[in-house]
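Residues per chain, in single letters:
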Amino acid sequence: MTIEKEFIASTFPAQEGKASWSSPSNIALVKYWGKYGKQLPQNPSLSFTLANCATTTHLQFKPKEKDNQFSFSFLFEGKEQPSFHPKMEAFFDRIKSFCPYLFEHDLTISSTNSFPHSSGIASSASSMSALALSLLSIEEQGVGFASQEVFQQKASFLARLGSGSAARSIQGPMMSWGETKAIQGSSQEFATCIDQEIHPIFRTYQDTILIIDKGQKKVSSTLGHQLMENHPYATARFEQAHQHMTRLMAILAKGELDDFMQLVELEALTLHALMMASKPYFVLMQPNTLAVLNKIWDFREDTKLPLCFTLDAGANVHLLYPEKHKKAINTFIASDLASFCEAGQYIEDQVGTGAKKL
Ligand code: PMV
């Protein structure tokens, strides 16, 4: 593929240096569920970039001392984490032809998350994008990039090869990934920043994440995406996602909150419905997830305030609302929703501006 070729770095002499990046998590409004080939999406998706849930990665590199196999050392929260190595090795294997300089350097990587590791919040988007950006800093220091845009596209492209949704964790306030006629310049290979096209209300949108279940994900993303391969509703779902992208772009431009809430909740429930209707089937909501959804609908009916939810592939609930209603909604969360959270835990986040070089 031509675009892949453009991302192959030219060679340069190995050198010593370091780079640090903080990269955010993101929450999809139109969900990516189903992939093919090298982590390519079966349908386009669009997400809010978050501000507070982030991974910070420090990378040190120096010319390789011994000319043996590729190796790296990795610390997470200051400790060795051998369980993370297979995923990282698979990632390095996928990106090696685009970043051949990695094999001429010894790499020391250390990462921390701003959010608790055992909170049921997926960290693959923030961790893979922080790693991709840090690795690209080697290339930036070695040969540079034609433009900032090319740097960001390659960062998104590499992050995607680690975890699909990580492609959307590079810039803010929103990113879309996957070809769609709704977005000019959209690509299967990397995500595109959605910035000019949106109403100001969405730039400061709030996301309070209710931790309903701190446990490990019951269905890994890898298995989840596979479930779409022979799914009876796959074709209709992919078509629906394309229609939702077109509708969402119009909603985002106009700031139509009623339509926004309808579409976002429908996307979340569709993701879970697809899982309930796959072979094998899974129910990822917990009783407290459903209790919270009903509370949200009752609150919306009573107060007419624009509070809605979205869900990831798990039991936790993301509460989405405009900043101007923060006070009233935070009071409601503390009094009516916190009791449904494991250990009363929830995380306050909001739309952010993207990854930052430290
Ligand atoms: O990036 P992955 O392979 O972990 O897939 C994530 C898929 C969802 O989080 C469920 C939806 C999305 O678009 O982020």
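Described below are features of the structure shown in this document. (Residues numbered from 1 in each chain as written. Predicted model: local features only at pLDDT ≥ 70, side-chain atom pairs only at ≥ 80, totals over all residues. Heavy atoms only, no water.)

As for the site of the ligand
And then number 1: For the ligand, the full set of nearby residues is Ala28, Lys31, Tyr32, Trp33, Ser163, Gly164, Ser165, Arg168, Ser221, His225, Leu271 and Asp312.
And then number 2: Residue serine 163 places a side-chain N or O atom 3.0 Å away from an oxygen atom belonging to the ligand.
And then number 3: Serine 221 places a side-chain nitrogen or oxygen 2.6 Å from an oxygen atom of the ligand.
And then number 4: Expressed as a share of its isolated accessible area of 380 Å², the protein-covered part of the ligand is 91%.
And then number 5: Structurally, the shell around the ligand is a two-domain feature, drawing no fewer than three residues from each of domain 1 (3-198) and domain 2 (200-350). (Near = heavy atom within 4 Å. Polar contact = N/O pair within 3.5 Å; in protein donor to acceptor, adjacent residues only side chain to side chain. Areas by Shrake-Rupley, 256 points an atom, 1.4 Å probe, with all protein chains shown as cover. Domains from an automatic or database assignment.)

Points about the layout of surface pockets
And then number 1: Its volume calculated, the second largest pocket comes out at about 160 Å³.
And then number 2: Lining the second largest pocket we find Glu149, Gln152, Gln153, Gln171, Gly185, Phe190, Ala191, Thr192 and Cys193.
And then number 3: Of the residues belonging to the lining of the second largest pocket, the class tally is 3 nonpolar, 5 polar and 1 charged. (1 Å grid on protein atoms, 1.4 Å probe; cavity = no way out; pocket = protein on both sides within 12 Å on 5 of 7 lines; lining within 4 Å. Points joined across faces, edges and corners; volume = space filled by probe spheres on them. Nonpolar A, V, L, I, M, F, W, Y, C, P; charged D, E, K, R; others polar.)

Points about the pairing of strand 5 (residues 72-76)
Moving residue by residue along a regular strand, the side chains alternate between the two faces of the sheet.
And then number 1: Side chains Phe72, Phe74 and Phe76 of strand 5 all project onto a buried face; the interleaved residues Ser73 and Leu75 project onto a face where none is buried.
And then number 2: As defined by bridge partners, strand 5 adjoins strand 7 (residues 105-113) across 5 bridges and the pair is classed as parallel. When the bridges of strand 7 are listed, phenylalanine 76 appears paired with serine 111.
And then number 3: Pairing geometry for strand 5 and strand 6 (residues 79-80), over 2 bridges, is antiparallel. Looking at strand 6, one finds that phenylalanine 76 is bridged to lysine 79.
And then number 4: What sits between the antiparallel neighbours strand 5 and strand 6 is a turn of 2 residues, in which glutamate 77 has the positive phi angle 50°. (Buried < 20%, exposed > 50% of the residue type's maximum accessible area, 1.4 Å probe, protein only. Helix = DSSP H or I, 4+ residues; strand = E, 2+ residues; numbered from the N terminus. Pairing = 2+ DSSP bridges.)

Quick notes on the environment of aspartate 258
And then number 1: Mapped onto the secondary structure, aspartate 258 falls in helix 7 (residues 257-276).
And then number 2: Classification of aspartate 258 as exposed rests on a relative accessible area of 56%.
And then number 3: Distance from aspartate 258 to cysteine 308, taken between C-alpha atoms, is 9.5 Å for residues 50 residues apart in sequence.

Examining the sheet that holds strand 11 (residues 308-311)
Two modes of strand pairing occur in sheets, parallel and antiparallel, and in both the strands are linked by backbone hydrogen bonds.
And then number 1: What the 4 strands build is an open sheet, ordered 11-12-10-13; its pairing is antiparallel. Each edge of the sheet is formed by a strand with only one pairing partner; in this case those strands are strand 11 and strand 13 (346-350). Strand-to-strand twist across the sheet, computed as the mean angle between neighbouring axes with direction ignored, equals 25°.
And then number 2: Sheet topology places strand 10 (residues 206-210) next to strand 12 (residues 317-321); 5 bridges connect them, and they run antiparallel. Each bridged residue has a counterpart across the sheet, and for glutamine 206 the counterpart in strand 12 is tyrosine 321. (Axes fitted to C-alpha atoms, helices over the stretch in contact; angles between N-to-C directions.)

Remarks on the nonpolar core
And then number 1: Phe92, Ile95, Leu102, Leu107 and Leu135 are the most contacted members of the largest nonpolar core, which totals 42 residues.
And then number 2: Contributions of two or more residues to this core are made by strand 4 (45-63), strand 5, helix 2 (85-95), strand 7, helix 3 (124-142), helix 4 (148-162) and strand 8 (174-177).
And then number 3: No other element matches the 8 residues that helix 3 contributes to this core.
And then number 4: Once you skip the residues sitting within four places of it in the chain, leucine 135 turns out to touch Leu59, Phe91, Phe92, Ile95, Tyr101, Leu102 and Leu107.
And then number 5: Among the nonpolar cores identified, the runner-up in size contains 27 residues, and Met174, Ile183, Tyr205 and Met261 belong to it. (Core = buried A, V, L, I, M, F, W, Y, C linked by side-chain atoms within 4.5 Å. Contact = heavy atoms within 4.5 Å.)

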